[in-house]
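Working through the structure, step by step
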Amino acid sequence: MKSLLQNIRVLDLSRILAGPYCTMQLGDYGADVIKAEVPGRGDDTRQWGPPWAGGESAYYLSVNRNKRSITVNLKHADGQDIIRRLAASADVLVENFEVGALSRFSLDFERIRAVNPRLVYCSITGYGQDGPWSGRPGYDFIIQAEAD
């Protein structure tokens, strides 16, 4: 049986919850999801436990199924080049860094679009790309506290 997104490649530069959940859903529908993680420690949530499942964080596992993982150091030119090469063959890029953080690594929308103009670049933020709160982190508990 064909999967809905079987011919779609997703480059996952996200971490914690919103981004990994988004890309997990794409993977559930058959997309080829490549998750880039920090060398030596991976996604921050790999260490969030208990509970643990087979020695891994249940939290991490709950939003990262159906993905292939690589480690990439975005602070180094070689790592940035790896991301650009992956983005060149991807259909979708999902990231949830602080607004402007990827521009420090030359991996912002404008520069990635130059590598692959057809790429869908999805940036997940708590408060949008601009405006008075754009620089604030948008973790779940913060949003809940502000929404009473």
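Everything below is about the structure shown above.
Reference entry: report on the structure contained in this document. Since the structure is predicted, the reported quantities are computational estimates derived from the model, not experimental observations.

A closer look at the overall build of the protein
- Looking only at helices and strands, the protein features five helices and seven strands.
- Shown N-terminal to C-terminal, the secondary structure of the protein runs as helices and strands in the order β-α-β-β-β-α-β-α-β-α-β-α.
- With 148 residues in all, the protein has 35% of them scored as buried.
- In the protein, the proportion of contacts linking residues at least 24 apart, taken out of those at least 6 apart, comes to 63%.

Details of unusual backbone geometry
- In this chain, G49 is followed by P50 through a cis amide linkage whose omega measures 0°.
- Relative to the helices and strands, P50 resides in the loop between β2 (32-37) and β3 (52-53).
- Here P50 and P51 are connected by a cis peptide whose omega angle stands at 5°.
- On the secondary structure map, P51 appears in the loop between β2 and β3.
- Notably, N66 is not glycine yet its phi reads approximately 60°, a positive angle.
- One can find N66 in the loop between α2 (58-62) and β5 (67-71).
- For N66, a relative accessible area of 45% corresponds to the partly exposed category.
- Despite not being glycine, S106 shows a phi value in the positive range, around 60°.
- With respect to the helices and strands, the residue S106 is situated in the loop between β6 (92-95) and α4 (109-115).

Examining helix α1 (residues 18-28)
- Along α1, the residues that are buried comprise G19, P20, T23, M24 and G27. Buried residues of α1 fall within an arc of 130° about the axis and therefore sit on the same side.
- Buried-residue contacts for α1 involve β1 (9-13), β2, α2, β5 and β6.
- Looking one or two places after α1, you find G30, whose phi comes out positive at around 105°.

A look at the pattern of salt bridges
- Taken as a whole and judged by the stated rule, the model has 11 salt bridges.
- Residue D32 is joined to R9 by a salt bridge in which the shortest nitrogen-to-oxygen separation is 3.0 Å. Here D32, found in strand β2, pairs with R9, found in strand β1; they are 23 residues apart in sequence, far enough to count as distant.
- With a shortest N-O distance of 2.7 Å, R111 and D108 are connected by a salt bridge.
- The network of salt bridges with shared partners includes R9, D32 and R68.

Some thoughts on the layout of surface pockets
- Looking at the largest pocket, its volume works out to about 1100 Å³.
- Along the wall of the largest pocket there are 39 residues; nearest its centre are R15, I16, N96, F97 and Y139.
- Sorting the residues of the lining of the largest pocket by element identifies β2 and α5 (140-146) as the ones contributing at least two each.
- The leading source of residues in the lining of the largest pocket is β2, at three residues.
- When grouped by side-chain class, the residues that make up the lining of the largest pocket number 19 nonpolar, nine polar and 11 charged.
- Size it by volume and the second largest pocket reaches roughly 180 Å³.
- Together, 15 residues line the second largest pocket, and E95, G100, D108, Y121 and Q129 are the ones closest to its centre.
- Sorting the residues of the lining of the second largest pocket by element identifies α4 and β7 (120-123) as the ones contributing at least two each.
- For the lining of the second largest pocket, a count of residues per class yields six nonpolar, five polar and four charged.

Thresholds, definitions, all that
Within each chain, residues carry numbers counting from 1 in the order of the written sequence. Selection of residues for local features in this predicted model requires a pLDDT of at least 70, selection of side-chain atom pairs for listing and counting requires 80 or more, and totals for whole chains, interfaces and linings are taken over all residues. Side-chain descriptors were evaluated using all non-hydrogen atoms of the structure, hydrogens and water having been removed beforehand. Strands here are runs of E lasting at least two residues and helices are runs of H or I lasting at least four, both read from the DSSP assignment and numbered beginning at the N terminus. Using a 1.4 Å probe on the protein chains alone, a residue whose accessible area is under 20% of its type maximum counts as buried, one over 50% counts as exposed, and one in between counts as partly exposed. Any two residues having at least one pair of non-hydrogen atoms within 4.5 Å are treated as being in contact. This arc is taken over the directions from the axis of the helix to the C-beta atoms. Throughout this description, the term salt bridge denotes a Lys or Arg side-chain nitrogen within 4 Å of a carboxyl oxygen of Asp or Glu. The definitions used throughout rest on a 1 Å grid laid over the protein atoms alone, on which a cavity is an enclosed set of points accommodating a 1.4 Å probe that cannot get out and a pocket is an open set flanked by protein within 12 Å on both sides along at least five of seven lines; lining residues are those having an atom within 4 Å of a point. Grid points are joined across faces, edges and corners, and a volume is the space filled by probe spheres set on the points. As a working rule, the residues Ala, Val, Leu, Ile, Met, Phe, Trp, Tyr, Cys and Pro are called nonpolar, Asp, Glu, Lys and Arg charged, and the rest polar, with Gly in that last group.

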